[in-house]
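One letter stands for each residue in the lines below.
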Amino acid sequence: MYSQKEDRLRSYLEKVRFPYTVVGSPSPFPRASFVNNDNAKAGYEAASYLCSLGHERIAFIGGREDYEVTADHEKGYKAALHKAGLPVDQELILKNAGSQNGGRTAVQSLLNMKEQPTAVIAADDMMALEIIHFLQEQHVAVPDQISIISFNNVLIASLASPPLTTVDIDIAELGKQAVRAICFEMENTSGPSFQKL
């Protein structure tokens, strides 16, 4: 299960004491079995990398606002800007772009700014590819005019033109650890999180 705030399905699973594992932060379910990356660190690394290239106007296009990973990426992004001595411009922070064409809509609003960003951090690789395609349609050169970086390092990222810069979160290992966690939950029925039905 993907980690998100106020998840009704998780509330139901807790109520009926059904075993589950969360990929991401277990908040606000402290008893939940979970596996997670340090997504704040990933956001920090992405923004720090762009800062090291000399970018000063870096936009953050997050996914759904109720996803914990969006909040963590944003936290890391802001920390990197602070460390680089750059202001956090709220106009450059766009969220809830996880829907279809959300990346296109978000980057269009950035292009309409008087002072456009020179770099964009996208919520994930698929959104980044959508943004690159849209920028190419608008005759905006990537990365010469706008640099793009994202998260996940899915296979298609390496096939993009230009190749996509992405933070590798080791999805395969996350999946492996999630399966181990749920197997442990199912085998150890004495734990507080659930009982076999």
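Residues numbered from 1 in each chain as written. Predicted model: local features only at pLDDT ≥ 70, side-chain atom pairs only at ≥ 80, totals over all residues. Heavy atoms only, no water.

A. View of the sheet that holds strand β6 (residues 147-151). One open sheet holds the five strands; their spatial order is β4-β3-β5-β6-β7, and the pairing between them is parallel. The open sheet is flanked by β4 (93-94) and β7 (165-167), the only strands paired with a single partner. As paired strands, β6 and β7 are joined by three bridges and run parallel to one another. When the bridges of β7 are listed, Ser-150 appears paired with Thr-166. Against the sheet, helix α3 (residues 68-83) makes contact with β3 (58-61), β4, β5 (119-122) and β6, and its axis sits at roughly 170° relative to β3, the strand it touches most. Sitting on the sheet, helix α5 (residues 125-137) is in contact with β3, β5, β6 and β7, with an inclination near 160° to β6. (Pairing = 2+ DSSP bridges. Helix = DSSP H or I, 4+ residues; strand = E, 2+ residues; numbered from the N terminus. Contact = heavy atoms within 4.5 Å. Axes fitted to C-alpha atoms, helices over the stretch in contact; angles between N-to-C directions.)

B. Summary view of the pairing of β5. Covered by surrounding structure in β5 are Ala-119 and Ile-121 together with Val-120 and Ala-122, the residues of both alternating faces. Pairing of β5 with β6 involves three bridges; the strand directions are parallel. By the bridge assignment for β6, Ile-121 is matched with Ile-149. (Buried < 20%, exposed > 50% of the residue type's maximum accessible area, 1.4 Å probe, protein only.)

C. Just the nonpolar core, in detail. One finds Ile-61, Tyr-77, Leu-110, Ile-121, Ile-131, Leu-135 and Ile-148 to be the most contacted residues of the largest nonpolar core, which totals 44 residues. Sorting the residues of this core by element identifies α2 (39-52), β3, α3, β4, α4 (102-111), β5, α5 and β6 as the ones contributing at least two each. For this core, the leading source of residues is α5, giving seven residues. (Core = buried A, V, L, I, M, F, W, Y, C linked by side-chain atoms within 4.5 Å.)

D. Representation of the pattern of salt bridges in the model. Evaluation of the coordinates by the stated rule reveals eight salt bridges. A salt bridge links Glu-74 to Lys-78; the nearest nitrogen and oxygen atoms lie 3.1 Å apart. Of this pair, Glu-74 and Lys-78 both sit in helix α3, four residues apart, roughly one helical turn. The salt bridge involving Lys-95 is made with Glu-74; its shortest N-O contact spans 2.9 Å. In this pair, Lys-95 is assigned in the loop between β4 and α4 and Glu-74 in helix α3, connecting sequence segments 21 residues apart. Residue Lys-95 is classed as partly exposed on the basis of its relative accessible area, which comes to 29%. Salt bridges here are not isolated pairs; linked through shared partners, they connect Glu-65, Glu-74, Lys-78 and Lys-95. (Salt bridge = Lys/Arg side-chain N within 4 Å of Asp/Glu carboxyl O.)

E. Just unusual backbone geometry, in detail. Residue Pro-143 is bonded to the preceding Val-142 through a cis peptide linkage, with omega at 10°. In this fold, Pro-143 is placed in the loop between α5 and β6. A cis amide bond links Ser-161 to the next residue, Pro-162, at an omega of 0°. Structurally, Pro-162 can be placed in the loop between α6 (155-159) and β7. Phi is positive for Arg-17, which is not a glycine, with a value near 60°. Counting through the fold element by element, Arg-17 comes out in the loop between α1 (8-15) and β1 (21-23). Backbone geometry at His-139 places phi at a positive 60°, although glycine is not the residue there.

These results come straight from atomic positions and should not be treated as a statement about function.
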